[in-house]
Amino acid sequence: MADLQFELVTPERLVRSEAVFMVVVPGTEGDFGVLAGHAPFMSTLRNGEIAVYRSGFGDTPERIPVEGGFAEVNERGLTVLAERAETAA
Amino acid sequence: MASLKALKNRIASVKSTQKITKAMKTVAAAKLRRAQQSAEAARPYAERMAAVMASLASKVAIGPESPKLLAGTGKQDTHLIVLCTSDRGLAGGFNTNIVRAARRAADGLIADGKTVYFYLVGRKGRAVIQRLYPRQIIHQYDTSAIRQPGFADAQAIARDVTDRYMTDGIDVVHLFYAEFRSALVQEPVGRQIIPVPPVETGKTAGASAAVEYEPDEEEILAELLPRAIAVHIYRALLENQAGFFGAQMTAMDNATRNAGDMINRLTIQYNRTRQAAITTELVEIISGAEAL
């Protein structure tokens, strides 16, 4: 299965830009998972954690806390614009 | 002619000035690099934000129910100029140029019978604006404690400006700052930020045909607009920062070179004076010896 191009951007920097299996995003009206080939979609975010599944459903997801922003899914992949994103790295 | 002692002091003083300008140049160069990096790091966010705004704007029709930030107040009478300058000087014409651009715009608006207010970010614009447009400064945002502008600072400014727009009867908000082109060139620019100018709906908008929105377009837009304004201000702060260090580096480089020229000139004068004194002394001794 094709990978999902995932980008996480904050005003200060580009936090992530990589191909992953699935990303679960905390939307204002509920969490949603994005796989490759998702229909065009846009949602605002609530404060919470993005879960990045690198290779499959069985993965232990990497969790990135984010605050405020929105997510856009288009034919190129998923772009999350967050005001703040904390990563361990 | 200046005495030897005075010349010597003068040379020493110019030398220490040169040392300072040289140090400032080095510091500015190092800071410029950092400021440039953060300006570059902020670019992807701004680009994606613009793309999203464009695709949203093409979907939402501007009507009476549109958010005030997008549709405006329906008037063009009162303008607010957000003027971003640096807090420090010694950067050549950097601040002067920004202030001049803002003044030109303000004078044009005043000539058209509009009311103009100023919102200052940074310390350096104050003196001129205060003198030319007394009682028209509504606020000065203090940035002196900020070493590296963060998005939170931009948001605080954006919130403050937006609040004033909502409540104080301001119709249009302009943002003035200097765009960083290179260490040598900073171009003052002014652009309207509120109401949010219509985005060019070029190629980017057409592709996303059936996008689903959650919550609906209007709500997303309402949430996005304040953020878009903050992004503009953030960009202005970063460009200003980079531009300021660039201008300072150039100015200090010139100052160092001028100091060098001056030292050369003074040294030649010093040597000539010294030689003249020695010659005079020799002539005196020789003629004294001959007289015996």
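Here, every reference points to the structure presented above.
Quantities reported herein were computed from a predicted structural model and do not represent experimental measurements. (Residues numbered from 1 in each chain as written. Chains lettered and ligands numbered in written order. Predicted model: local features only at pLDDT ≥ 70, side-chain atom pairs only at ≥ 80, totals over all residues. Heavy atoms only, no water.)

**Student:** Help me out: how do you make sense of unusual backbone geometry in this one?
**Tutor:** A negative phi holds for most residues other than glycine; trans holds for most peptide bonds. All names here are of chain B. Cis geometry is found at the peptide bond from Ile194 to Pro195, where omega equals -10 degrees. Looking at the element boundaries, Pro195 is found in the loop between β5 (186–194) and α7 (203–207). For Leu90, which is not glycine, the phi torsion reads 55 degrees and is therefore positive. The topology assignment puts Leu90 in the loop between β1 (78–84) and α4 (94–111). The class for Leu90 is exposed, based on a relative accessible area of 53%. Of note in the backbone geometry, Arg135 takes a positive phi value of approximately 65 degrees without being a glycine. Examined against the element boundaries, Arg135 turns out to sit in the loop between α5 (126–132) and β3 (137–141). (Helix = DSSP H or I, 4+ residues; strand = E, 2+ residues; numbered from the N terminus. Buried < 20%, exposed > 50% of the residue type's maximum accessible area, 1.4 Å probe, protein only.)

**Student:** So what exactly am I meant to see when it comes to the interface of chain A and chain B here?
**Tutor:** Where interface size is quoted, it is often the accessible area lost as the parts come together. Every contact between the two is made by 24 residues of chain A and, on the other side, 24 residues of chain B. Summed over both sides, the interface of chain A with chain B buries roughly 2,200 Å², with 60% coming from carbon and sulfur. The three residues of chain A that bury the most area against chain B are Pro11, Met42 and Glu83 of chain A, which together make up 28% of that side's buried surface. Taken together, the connections running from chain A to chain B amount to two salt bridges. Summed over the shared surface of chain A and chain B, the number is four residue pairs in polar contact (both at pLDDT 80 or more). Going through the elements one at a time, β1 (4–9), β5 (41–44), β7 (62–74) and β8 (77–85) of chain A are the ones with two or more residues in the side of chain A that touches chain B. When grouped by side-chain class, the residues that make up the side of chain A that touches chain B number nine nonpolar, eight polar and seven charged. Pairing between β5 of chain A and strand β6 (residues 212–214) of chain B: three bridges, direction parallel. Within β6 of chain B, the residue paired with Phe41 of chain A across the bridge is Glu212 of chain B. (Contact = heavy atoms within 4.5 Å. Buried area = accessible area lost by both parts, 1.4 Å probe. Salt bridge = Lys/Arg side-chain N within 4 Å of Asp/Glu carboxyl O. Polar contact = N/O pair within 3.5 Å; in protein donor to acceptor, adjacent residues only side chain to side chain. Nonpolar A, V, L, I, M, F, W, Y, C, P; charged D, E, K, R; others polar. Pairing = 2+ DSSP bridges.)

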